[in-house]
Amino acid sequence: QVQLVESGGALVQAGGSLRLSCAASGRIFSINFSLHTMAWYRQAPGKQRELVAAITSGGSTNYRDSVKGRFTISRDNAKNTVYLQMNSLKPEDTAVYYCHSERLVDTWGQGTQVTVSS
């Protein structure tokens, strides 16, 4: 099986911080997780899913403009895990957050809810 499991979402006040985790499992990830470009997406109510951050096999990162300087994506290849450290959270960050591999276009986790109160 191939599976992505997100965790770490919570209700937090504006200005607070959260750390999301995404655990990847299955044969494909076991063989070559380090080669996957991994990403975090989010989807707010009534809006389409949007890319938040991505990290390549070489460790290069990319962020959407609205989270630059506040969010940090990282990975631990030994644990087949991707993280998203979120600081200075804003109400507009409220969404369900999903992790994804660009190599597995149809594979998504269940998502983890992040709610930021004003």
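Quick notes on the rules
Residues numbered from 1 in each chain as written. Predicted model: local features only at pLDDT ≥ 70, side-chain atom pairs only at ≥ 80, totals over all residues. Heavy atoms only, no water. Disulfide = S-S within 2.5 Å. Helix = DSSP H or I, 4+ residues; strand = E, 2+ residues; numbered from the N terminus. Buried < 20%, exposed > 50% of the residue type's maximum accessible area, 1.4 Å probe, protein only. Polar contact = N/O pair within 3.5 Å; in protein donor to acceptor, adjacent residues only side chain to side chain. Salt bridge = Lys/Arg side-chain N within 4 Å of Asp/Glu carboxyl O. Core = buried A, V, L, I, M, F, W, Y, C linked by side-chain atoms within 4.5 Å. Contact = heavy atoms within 4.5 Å. Pairing = 2+ DSSP bridges. Axes fitted to C-alpha atoms, helices over the stretch in contact; angles between N-to-C directions.

**Observations concerning the state of the cysteines**
No. 1: For the structure on display, the rule yields one disulfide.
No. 2: At a sulfur-sulfur separation of 1.8 Å, the disulfide partner of Cys22 is Cys99. A torsion of 55° about the S-S bond marks the disulfide between Cys22 and Cys99 as right-handed. Residue Cys22 is located in strand E3 (residues 18-25), and its partner Cys99 is located in strand E9 (residues 95-101); the two are separated by 77 residues in the primary sequence. Both residues of the pair, Cys22 and Cys99, count as buried.

**Brief notes about the environment of Lys68**
No. 1: Checked against the element boundaries, Lys68 lands in the loop between strand E6 (61-63) and strand E7 (71-76).
No. 2: Overall, the relative accessible area of 48% leaves Lys68 in the partly exposed class.
No. 3: The sequence separation of Lys68 and Arg19 amounts to 49 residues, and the corresponding C-alpha distance is 16 Å.
No. 4: A distance of 3.0 Å separates a polar atom in the side chain of Lys68 from a polar atom in the side chain of Asp65.

**A few points about the pattern of salt bridges**
No. 1: Taken as a whole and judged by the stated rule, the model has five salt bridges.
No. 2: As a salt-bridge pair, Glu50 and Arg64 come within 3.5 Å of each other at their nearest N and O atoms. With Glu50 in strand E5 (residues 50-55) and Arg64 in the loop between E6 and E7, this pair connects stretches of sequence that are 14 residues apart.
No. 3: The salt bridge partner of Asp93 is Arg70, with a shortest N-O separation of 2.7 Å. Here Asp93, found in the loop between strand E8 (81-86) and E9, pairs with Arg70, found in the loop between E6 and E7; they are 23 residues apart in sequence, far enough to count as distant.
No. 4: By relative accessible area, which is 1% here, Asp93 ends up buried.
No. 5: Salt bridges sharing partners connect three or more residues here, namely Arg42, Glu50, Arg64, Arg70 and Asp93.

**Examining the nonpolar core**
No. 1: The biggest cluster of nonpolar side chains holds 28 residues, and the ones touching the most others in it are Trp40, Val52, Phe71, Ile73, Leu84, Met86 and Tyr97.
No. 2: Elements with a minimum of two residues in this core: E3, strand E4 (38-43), E5, E7, E8, E9 and strand E10 (112-117).
No. 3: Discounting residues that sit within four places of it in the chain, Phe71 has contacts with Arg42, Val52, Tyr63, Leu84, Gln85, Met86, Asn87, Leu89, Asp93 and Tyr97.

**Concerning the sheet that holds strand E1 (residues 3-7)**
No. 1: Reading across the sheet, the four strands line up as E1-E3-E8-E7 and stay open at both edges, with antiparallel pairing between neighbours. Because the sheet does not close on itself, it has two edges, and the strands there are E1 and E7. Averaged over all adjacent pairs, the angle separating strand axes in this sheet is 15°, with direction ignored.
No. 2: Taken together, the six bridges between E7 and E8 define a ladder with antiparallel strand orientation. Within E8, the position partnered with Phe71 by the bridge is Met86.

Coordinates in, geometry out; function isn't part of it.
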